[in-house]
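# Overview (structure and organization)
What follows is the residue order along each chain.
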Amino acid sequence: MRVTEGGVELEVPSEQTEGVEESVFYNPRQELNRDLTIATLRAFREREERAESYLDAMTASGVRGVRAAADGWEVTCCDLETDAIDLARENLERNDLAADARVEHRNVNALAHDEAFDVIDLDPFGSPMPFADAAFARCRDLVCVTATDTAPLCGAHFNSGIRSYSAVPRNTDYHTEMGVRILLSALARSAARFDVGVEPIFTHATSHYVRTYLELDRKASAADAAIENLGYLSHCEDCLYREAEYGMIADPLESCPECGGDRILVAGPLWLGPYCDDEFVAAVREEVPDAFATAEKARELCDDLVAELDRPTHYDQHKLCKNWGLPANAMDDFLADLRAAGHAASRAHYGGTTFKTDADVGEIREATERNLE
Ligand SMILES: [Zn+2]
């Protein structure tokens, strides 16, 4: 099957012959992820001019590597599967890029051990953690990570989440953001083992994956600074009150200061700091050309992320109103009421009824009820 994406032409196994909806070689649902990768690499090159080499660590059909090579990066495509390697080679040749990219039939951890890269892109099926240490050990500038195991990340598969991420995830009304913060915490701790500090400059949660781009600062003090972004979250299952506390030693709430209940869930260590650099996200937006099939969606997502308040964690208006037995009004009116009551408030990119605010759950209810009177 022939597909065109981002100006390159690729041969990929047809979905019929694979017999599964999501081909391991080419997943059309990840086109937004890949379009944003190219835009991010363009914006990053402006930010860090020495960045030249790019490792597509799980290359499969080679689509990311081919697109990065077409954009002028010194690309290495790596995969363990012979079929994938053959396909990646074929796709580089098809686009006259065979001379611009190397193909490595190897275990990527071994490759990253032998050689340093400016940018390493991890896009595995499931958890990226088996590859994180090798990536942070040698990568110079930017580590890009996709995680598709959202059930372990968000606490729906509790034990699996603990095993994969050495952290306690909890299934809450902000489960996707829980996944984002569990992933970033595990990656920051992995990098710190090598005296590397991470700064998440662009992160988004989209349908069935989390994607993040971590800028590296290879010094111990930067690793210490990154670790300072970690902490714990206490969450009341009854009234949805939540409280974040920084630090590596948990000191969770025993009862809820809002409703007095004792059904408190504790999650962590989580990344509690910012997961986007708004200026960088705005720069990524500028690098999305009209020619990308997902251009409109990609720009919308960037706009949403820039507008989103930087706070753990988001609320869901419908869930709050249901909890209170109140009717849910239009989101814009709801947010306007919060602002009129003196609180900061924004939509969140996790869904149409999600929002962030500096008000706690009692203050949100007050602002909402005042308006209904
Ligand atoms: Zn409570």
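Overview of the structure. Please read all numbers here as calculations on a predicted model, not as lab measurements.

### Let's talk about the overall build of the chain
Helix and strand content of the chain: 15 helices and 15 strands. Taken over the C-alpha atoms alone, the chain extends approximately 70 × 40 × 40 Å along its principal axes. Of the contacts formed within the chain by residues at least 6 apart in sequence, a portion of 63% connects residues at least 24 apart. Per element, the accessible surface of the chain, about 15,900 Å² overall, is 45% carbon and sulfur. Computing the positive centroid from 36 side-chain charges and the negative centroid from 71, the chain places the two 2 Å apart.

### Overview of the environment of Thr 172
Relative to the assigned elements, Thr 172 resides in the loop between helix 8 (158-165) and helix 9 (175-192). Its relative accessible area of 8% is what places Thr 172 among the buried residues. Taking the C-alpha atoms as reference points, Thr 172 and Leu 265, 93 residues apart in sequence, are found 8.7 Å from one another. Residues in contact with Thr 172, not counting those within four places in the same chain, are Met 178, His 235 and Leu 265.

### As for the state of the cysteines
A complete count under the given rule lists 0 disulfides for this structure. Free cysteine Cys 302: the closest other cysteine sulfur is in Cys 276, separated by 8.7 Å.

### Let's talk about the packing of aromatic side chains
Tallied over the entire structure, the rule returns 3 aromatic pairs. Ring geometry for Phe 202 and Tyr 213: centres 5.4 Å apart, planes at 10°, overall stacked. With Phe 202 in strand 8 (residues 197-206) and Tyr 213 in strand 9 (residues 209-217), this pair connects stretches of sequence that are 11 residues apart. A residue is classified by how much of its surface remains accessible, and Phe 202, at 0% relative accessible area, is buried.

### A look at helix 3 (residues 63-70)
Most of helix 3 sits inside the fold, with 7 of its 8 residues counted as buried. Among the residues of helix 3, those classed as buried are Val 63, Arg 64, Gly 65, Val 66, Arg 67, Ala 68 and Ala 69.

### Focus on the coordination of the zinc ion
Within the protein, Cys 236 (SG), Cys 239 (SG), Cys 256 (SG) and Cys 259 (SG) serve as the donor atoms for the zinc ion, at 2.3 Å. Taken together, the 4 donor atoms coordinating the zinc ion and their angles of 101 to 115° define a geometry best described as tetrahedral. Each donor residue of the zinc ion lies on the same chain, and together they follow the pattern C-x2-C-x16-C-x2-C. Taken as a pair, Cys 236 in strand 10 (residues 230-236) and Cys 256 in the loop between strand 11 (242-246) and strand 12 (264-271) lie far apart in primary sequence, 20 residues in all. Cys 256 matches Cys 236 in its accessibility class, with the two residues each being buried.

### Section: the packing of helix 2 (residues 31-47) against helix 11 (residues 278-286)
Closest axis-to-axis distance for the helix 2/helix 11 pair is 8 Å, and the angle between their directions is 120°. The chirality of how helix 2 crosses helix 11 is right-handed. On helix 11, the residues that touch Leu 36, Ala 39, Thr 40, Ala 43, Phe 44 and Arg 47 of helix 2 are Phe 280, Ala 283 and Val 284. Partitioned by chemical class, the residues of the contact of helix 2 with helix 11 number 7 nonpolar, 1 polar and 1 charged.

### Digging into the pattern of salt bridges
Scanning the entire structure with this criterion turns up 30 salt bridges. The partner of Arg 34 in a salt bridge is Glu 5, with the nearest N and O atoms 2.8 Å apart. Pair noted here: Arg 34 is in helix 2 and Glu 5 is in strand 1 (residues 2-5), with a separation of 29 residues, a long-range link. Just as Arg 34 is buried, Glu 5 falls in that class too. Close ionic contact of Lys 219 with Asp 217 constitutes a salt bridge, the shortest N to O distance being 3.3 Å. Accessibility expressed as a relative area gives 42% for Lys 219, which makes it partly exposed. Of the residues examined, Asp 217 reaches a relative accessible area of 33% and is grouped as partly exposed. If you follow the salt bridges from partner to partner, you end up with Glu 5, Arg 34, Asp 35 and Arg 67 in one network.

What counts as what
Residues numbered from 1 in each chain as written. Predicted model: local features only at pLDDT ≥ 70, side-chain atom pairs only at ≥ 80, totals over all residues. Heavy atoms only, no water. Helix = DSSP H or I, 4+ residues; strand = E, 2+ residues; numbered from the N terminus. Contact = heavy atoms within 4.5 Å. Areas by Shrake-Rupley, 256 points an atom, 1.4 Å probe, with all protein chains shown as cover. Lys, Arg positive; Asp, Glu negative; His and termini not counted. Charge placed at Lys NZ, Arg CZ, Asp CG, Glu CD. Buried < 20%, exposed > 50% of the residue type's maximum accessible area, 1.4 Å probe, protein only. Disulfide = S-S within 2.5 Å. Phe/Tyr/Trp six-rings, centres within 6.5 Å; stacked < 30°, edge-to-face > 60°. Donors = N, O, S within 2.8 Å, 3.2 Å for Na, K, Ca; no water. Tetrahedral: all angles 85-135°; square planar, octahedral: opposite > 155°, others 65-115°. Axes fitted to C-alpha atoms, helices over the stretch in contact; angles between N-to-C directions. Left-handed = near helix turned anticlockwise from the far one by under 90°. Nonpolar A, V, L, I, M, F, W, Y, C, P; charged D, E, K, R; others polar. Salt bridge = Lys/Arg side-chain N within 4 Å of Asp/Glu carboxyl O.

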